[in-house]
Amino acid sequence: MIGAFALRLAFCAGTTGLGRSLGKDYREYIVAGQRLLEHGTLTSPFITSDSTTTPSALLPPLYAGLVAAVYKLLGTETFLATLALQVLNAIATSVTVLFVFLIARRVGGVRAAWIAALLAAINPMLLGFTTYIWDTNVFCFGVVFGVWLALHVSDKPIGWPGWLGLGLYLGALALLNPALTIAYPLLVLWPLSKTHGWRFGAMLGPIGMTVCGWLVAVMPWTVRNYVHFGELMYIRSGLMHELWLGVCPEADTNPAAIFRRQSPLQDGEAQHRIASIGEQAYIKECSQRARTAISANPWRFARLVALRTTDYWAGTLFSHRRPGGTGWPQSPTRLAVMLFLQIEGFAIVVCLLARRKISLDLRWLLAIALLFSLVYCVTHVQLRFRAPIEPIMAVLAAVSVTDMVGAVRSRRVLSADTSAVDNDYST
């Protein structure tokens, strides 16, 4: 874990530099933190005017609140404030390595645990976003800690306070980033199926307490959004905008230009539009455009989803290529990331297919990873969306490889013993 932390700080120092944030890109949380200090509410990161005080539901509140707290203590976007947030990122994914070790040891043994921890420590997806003032690294830790909790509660009965606490944690994690919510049922059913089987009566109480804890955690933010916008929404309101980015005309003609032509952060016309009609009206407009585009050509939408699915799991650029481009990364760094993801995925698939029987724990982990990817494959894919499940992928790769190697060794030992017995009989 200490080595992983040092590696992350070294990477940060060698790229953007310690205490220095990225240039004009990925500044949404920086702006949100600044405005939260100034106006006492989260305002729209899509509206670049410093004078806007209109409340927004585009970003979840926890990381924006964290950025605002750091800025209040150390100054807005100062060297120390940016360094503190980068160090927090490094700590988050370094501690993630520890929990990857614990999970892999629990489901695959000590050897698998060390391999999984090594993979997580050097994984470029858990390394490359240390410089970003974004929730990615903290969310990676949140995901792996949630998986560890699911395994922990399956070891022994925890009673209703434990299940309530699990629900509170899942609700808090959603306030950091709601992307894992689609897999929350698996994180609850996994330990319940191990302790109670599939007896619905025994499951009902723990499920109810977990849902209650989750509701308690998300209710204040839900009420806040309803008061401001007059409608119920789950944590954030930007899903339909992401869907529009995935089906807009540029998705066919020039995917690399999607943000430049459709995002209010880069397109002047979109910026003027959202400033004039408001964030929620703009999101609804994007929703209508997306629905119209999908209903007009469902096969086009299916093809785009297939491209995004390929990009998500293979690390390619087919849904972001420039006209005439191949879809394969040209940057050596980006190419190395793609190769790491493909080797990792290939190892998992080959080893799992080679085994006649896959452990239930690996099946649950695989299901969580697959389910998490669905929202991005359907809407819009970026490389950093893969990062939160990389701890799970490290566990899957390490455990499946060690299981297969162990099975091969066992067959060899059995074959050698059989040959020895045959020789004794022949003698």
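For the structure itself, consult the block above.
Procedures and definitions
Residues numbered from 1 in each chain as written. Predicted model: local features only at pLDDT ≥ 70, side-chain atom pairs only at ≥ 80, totals over all residues. Heavy atoms only, no water. Helix = DSSP H or I, 4+ residues; strand = E, 2+ residues; numbered from the N terminus. Buried < 20%, exposed > 50% of the residue type's maximum accessible area, 1.4 Å probe, protein only. Patch = residues over 30% accessible without salt bridge, like charges linked within 9 Å, V, L, I, M, F, W, Y side chains within 5 Å. Areas by Shrake-Rupley, 256 points an atom, 1.4 Å probe, with all protein chains shown as cover. Salt bridge = Lys/Arg side-chain N within 4 Å of Asp/Glu carboxyl O. 1 Å grid on protein atoms, 1.4 Å probe; cavity = no way out; pocket = protein on both sides within 12 Å on 5 of 7 lines; lining within 4 Å. Points joined across faces, edges and corners; volume = space filled by probe spheres on them. Nonpolar A, V, L, I, M, F, W, Y, C, P; charged D, E, K, R; others polar. Phe/Tyr/Trp six-rings, centres within 6.5 Å; stacked < 30°, edge-to-face > 60°. Axes fitted to C-alpha atoms, helices over the stretch in contact; angles between N-to-C directions. Parallel < 35°, antiparallel > 145°, perpendicular 65-115°, else oblique. Left-handed = near helix turned anticlockwise from the far one by under 90°. Contact = heavy atoms within 4.5 Å. Disulfide = S-S within 2.5 Å.

Visitor: What should I look at first to understand unusual backbone geometry in this one?
Guide: Most peptide bonds are trans, and most residues other than glycine sit at a negative phi. Even without a glycine there, the phi angle at E77 is positive, about 55°. Inspection of the secondary structure puts E77 in the loop between α3 (61-74) and α4 (79-108). Of note in the backbone geometry, I235 takes a positive phi value of approximately 70° without being a glycine. With respect to the element layout, I235 can be found in the loop between α9 (200-229) and α10 (239-247). Overall, I235 belongs to the buried group, its relative accessible area being 0%.

Visitor: Looking at this structure, how should I read a nonpolar patch on the surface?
Guide: A surface patch of nonpolar side chains, about 410 Å² in accessible area, is lined by V211, L215, M219, V223 and V227. Taking relative accessible area as the criterion, M219 reaches 39% and is therefore assigned partly exposed.

Visitor: What should I look at first to understand empty space enclosed by the protein in this one?
Guide: Once rolled over the atoms, a probe with the size of a water molecule shows which space is left empty. Counting across every chain of the model gives 2 cavities of 30 Å³ or more. Reported here for the largest cavity is a volume of approximately 70 Å³. Contributions of two or more residues to the lining of the largest cavity are made by α10 and α15 (298-314). The greatest single-element share of the lining of the largest cavity, amounting to 3 residues, is contributed by α15. The class makeup of the residues in the lining of the largest cavity is 8 nonpolar, 4 polar and 2 charged. Considering only enclosed or pocket space, the second largest cavity measures out at about 40 Å³ in volume. Taken together, 10 residues form the lining of the second largest cavity, with S21, L22, Y26, I30 and I133 sitting closest to its centre. The residue makeup of the lining of the second largest cavity, split by class, is 5 nonpolar, 3 polar and 2 charged.

Visitor: Hey, could you run me through the packing of aromatic side chains in this one?
Guide: Two aromatic rings are characterised by how far apart their centres lie and by the angle between their planes. Counted by the stated rule, this structure contains 19 aromatic pairs. Judged by centre distance (5.3 Å) and plane angle (80°), the ring pair of F318 and W328 falls under edge-to-face. Separated by 10 residues along the polypeptide, F318 in the loop between α15 and α16 (332-354) and W328 in the loop between α15 and α16 bring together distant segments of the chain. Of the residues examined, W328 reaches a relative accessible area of 43% and is grouped as partly exposed. Each member of the aromatic cluster is reached from another via a ring pair, and the members are Y26, Y29, Y63, F129, Y132 and W134.

Visitor: Would you take a moment to explain the packing of α3 against α4 for this structure?
Guide: Packed helix pairs are characterised by how far apart their axes lie and by the angle those axes make with each other. Interaxial distance between α3 and α4 falls to 9 Å at its minimum, and their mutual angle equals 140°. Relative to α4, α3 is oriented oblique. Considering how the two elements wind past one another, α3 and α4 form a crossing that is right-handed. Residue-level contacts link Y63, L66, V67, V70, Y71 and L74 of α3 to L80, A81, A84, L85, L88 and N89 of α4.

Visitor: For this particular structure, what's the right way to read the pattern of salt bridges?
Guide: Between side chains of opposite charge, a pair can form as their charged atoms come close. Tallying each qualifying case throughout the model produces 9 salt bridges. K284 serves as the salt-bridge partner of E231, at 3.4 Å between the closest nitrogen and oxygen. In this pair, E231 sits in the loop between α9 and α10 while K284 sits in helix α14 (residues 279-296), placing the two residues 53 residues apart along the sequence. Put simply, R386 and E344 hold a salt bridge, and the shortest N to O gap is 3.3 Å. A residue pair is termed long-range when its members are at least 10 positions apart, and R386 in the loop between α17 (360-378) and α18 (390-426) and E344 in helix α16 qualify at 42 residues. As far as burial versus exposure is concerned, R386 and E344 are alike and both buried. One continuous salt-bridge network, built from bridges that share partners, spans D252, R300 and R303.

Visitor: Explain the state of the cysteines to me, please; I cannot follow it from the model alone.
Guide: Each disulfide consists of one covalent bond between the sulfur atoms belonging to two cysteines. For the structure on display, the rule yields 0 disulfides. Of all cysteine sulfurs in the structure, the one in C140 sits closest to C377, which takes part in no disulfide; the separation is 17 Å. On the accessibility criterion, C377 (4% relative accessible area) is buried.

Visitor: Honestly, the side chain of T41 in this entry has me stumped. Any pointers?
Guide: Relative to the helices and strands, T41 resides in the loop between α2 (28-39) and α3. For T41, a relative accessible area of 16% puts it in the buried group. Contacts of T41, omitting those with residues within four sequence positions, involve R35, L36, T53, P55 and R224.

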